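The lines below spell out each chain.
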Amino acid sequence: MKDPELVELLRKLEAINSPSGYTADAIAFLAGLFRAAGLSPRITNKGALLVCEHPEPVTVCAAHVDTLGAMVTRLEGDGTLRVTQVGGWPWNSFEGEYVTVLGSSGKKWRGTLLCDNPAAHVNRNIGKAERSAENMHIRLDVEVKTAADNKKLGICAGDYVFFDPRFEATDTGFIRSRFLDDKAGSAALAAVILDSAARLKKMPAAFFFSNYEEVGHGASAGIPRCVREMVAVDMGVVGPSVYGHETLVSICAKDSTGPHDYELRQRLVTIAKKKRIAHAVDVFPFYGSDAHATMGAGYDVKVAVIGPGVSASHGVERTHIKGLRATVQLVEAYLADICRKGDRP
């Protein structure tokens, strides 16, 4: 898949709202792509997506389509809405973001996430106020003045709130958007599948797109029991205390849940060096992934985590086409190595 096609695939995936628990549309989109390529994807009972053409895969590559989001908790007397987080995101980063509220009737309403009393001309302390669930609200773009007005619109507690992704691909190769964690990894993995579609029946590999990673139990079920390894394709951390960069693929040695399999990590590093794939080996201090969910569920697998570098994670994120391409290349080289080794890693 050429770079413009990869970016366009990511653009389409980003346009589909998919906070944890509301991922059917994103899963259906990917399943449609794979069916059109002659594959037989299967949606699990939990709503994840499994692509497995080989009868006994020995490895599984996983990414997650679920993102951050919010959910209505209370209809306020002034017509605003209180919300709770879906996944962990900083309130200050999402302040001012445009949103879509999916009412229980199925109708969608536009709005904005704001701090209480947000006008600087009547609130001298607006810049000092803590941003939290207790003092943030959704202002709907419809004439509502009471909680009863919102009820008439079909809005109630439990309704999903979708944040605008604000996707933009620049002519300098950068891609900025919310939810590159892990729409970028999902697009990279989808590109690998589509490029390898004709060979998958002979490739002892499965591919898994989870739908609850942001809330901790994404790949805890649905993985073929015969697999011996997992490579989770998630975001690579970018920041002052790590070596990752948006133009690289990161290989995670350890995250907040503990070290990953040493032998598998070293094999990925060796492959990256041999193929001259731009990469960094890193320790992520505040990070978890589907690899942890799979191990926690009792699967007897070796795990590794890789992914394109993503700046400002869980905020206004940014990556680069070079990082996406390096991720695709590393997954493809890893799978080629598996095929050369035969039926077992």
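To be clear, the structure that these remarks concern was listed above.
Owing to the predicted nature of the structure, the values given are computational and were not obtained by experimental measurement.

Criteria and cut-off values
Each chain has its residues counted from 1, running along the sequence as written. pLDDT decides what is reported in this predicted model: residues at 70 or higher carry local features, side-chain atom pairs at 80 or more are listed and counted, and totals for whole chains, interfaces and linings draw on all residues regardless. Side-chain numbers here rest on the full set of heavy atoms in the structure, without hydrogens or water. Helix and strand assignments follow DSSP, with helices taken as H or I runs no shorter than four residues and strands as E runs no shorter than two, numbered in order from the N terminus. For a helix, the expected span equals 1.5 Å multiplied by the residue count minus one. For every residue, the accessible area (1.4 Å probe, protein chains only) is compared with the maximum for its type, and the residue is labelled buried under 20%, exposed over 50%, or partly exposed between those bounds. Two residues form a contact once any of their heavy atoms are found within 4.5 Å. In summary, the pairing rule links any two rings of Phe, Tyr or Trp, Trp by its six-membered ring, whose centres are within 6.5 Å, and it sorts them by plane angle into stacked for under 30 degrees, edge-to-face for over 60 and tilted for everything else. Distance and angle both matter: a charge sits over a ring if NZ of Lys or CZ of Arg is within 6 Å of the ring centre and within 35 degrees of the ring normal. If DSSP finds at least two bridges between two strands, the strands pair. Should a side-chain nitrogen of Lys or Arg be within 4 Å of a carboxyl oxygen of Asp or Glu, the pair is scored as a salt bridge.

A.B. asks: Tell me what's going on with helix α5 (residues 180-195), and back it up with residues and numbers.
C.D. replies: The first and last C-alpha atoms of α5 sit 21 Å apart over 16 residues, in line with the 22 Å expected at 1.5 Å per residue. Counting buried positions along α5 yields 14 of 16 residues, so the element is predominantly enclosed.

A.B. asks: An account of the side chain of Asp 337 is needed here, citing residue identities and associated values.
C.D. replies: Residue placement: Asp 337 occurs in helix α8 (residues 321-341). Using a relative accessible area of 13% as the deciding quantity, one classes Asp 337 as buried. Setting aside its immediate chain neighbours within four residues, Asp 337 contacts Arg 267 and Ile 271.

A.B. asks: Tell me what's going on with unusual backbone geometry, and back it up with residues and numbers.
C.D. replies: That bond from Asp 181 to Asp 182 is cis: its omega, 5°, falls within 30 degrees of zero. You can see Asp 182 is positioned in helix α5. The phi dihedral of Asn 117 falls on the positive side, at around 50°, and the residue is not glycine. Structurally, Asn 117 is set in the loop between β7 (108-115) and β8 (136-140). A positive phi angle, near 55°, is found at Arg 276, a position not held by glycine. Here Arg 276 shows up in the loop between α6 (262-274) and β17 (279-283). Arg 276 gets classed as exposed once you look at its relative accessible area, which sits at 79%.

A.B. asks: Please set out the packing of aromatic side chains residue by residue, giving values where relevant.
C.D. replies: Remark: the centre distance and the inter-plane angle together describe each pair of aromatic rings, the angle taken between the planes. Within the structure shown, the criterion is met by nine aromatic pairs. Between Trp 89 and Phe 94, the aromatic rings sit 4.8 Å apart at their centres with planes inclined by 45°, giving tilted as the arrangement. Classification of Trp 89 as buried rests on a relative accessible area of 4%. Residue Phe 94 is classed as buried on the basis of its relative accessible area of 0%. Put simply, the rings of Trp 89, Trp 91, Phe 94 and Phe 163 touch in pairs and so form one group of aromatic residues. Above the ring of Phe 94, the side-chain terminus of Arg 178 is found at 3.9 Å from the ring centroid. The ring of Phe 174 has Arg 318 lying over it, and the distance from NZ or CZ to the ring centre is 3.7 Å.

A.B. asks: Describe the sheet that holds strand β19 (residues 318-320), with residues and values.
C.D. replies: The sheet built from three strands is open, its strands ordered β10-β11-β19 with antiparallel pairing. In this open sheet, the two edge strands, each paired with only one partner strand, are β10 (168-169) and β19. Two strands pair when backbone bridges link them, and β10 and strand β11 (residues 174-176) are joined in this way by two bridges, in the antiparallel orientation. In the strand pairing of β11, Ala 169 is matched with Ile 175.

A.B. asks: Hey, could you go over the pattern of salt bridges for me, with residue numbers and the actual values?
C.D. replies: Considering all chains together, one arrives at 15 salt bridges under this definition. Where Glu 76 meets Arg 74, a salt bridge forms, and the shortest distance between an N and an O atom there is 2.9 Å. Note that Arg 166 is salt-bridged to Glu 97, the shortest N-O span being 3.0 Å. With Arg 166 in the loop between β9 (160-163) and β10 and Glu 97 in the loop between α3 (91-94) and β6 (98-102), the pair connects residues that are 69 residues apart, well separated along the chain. What emerges from the salt-bridge pattern is a single network uniting Arg 74, Glu 76, Arg 82 and Asp 116.

Any functional reading would require information beyond the geometric quantities listed.
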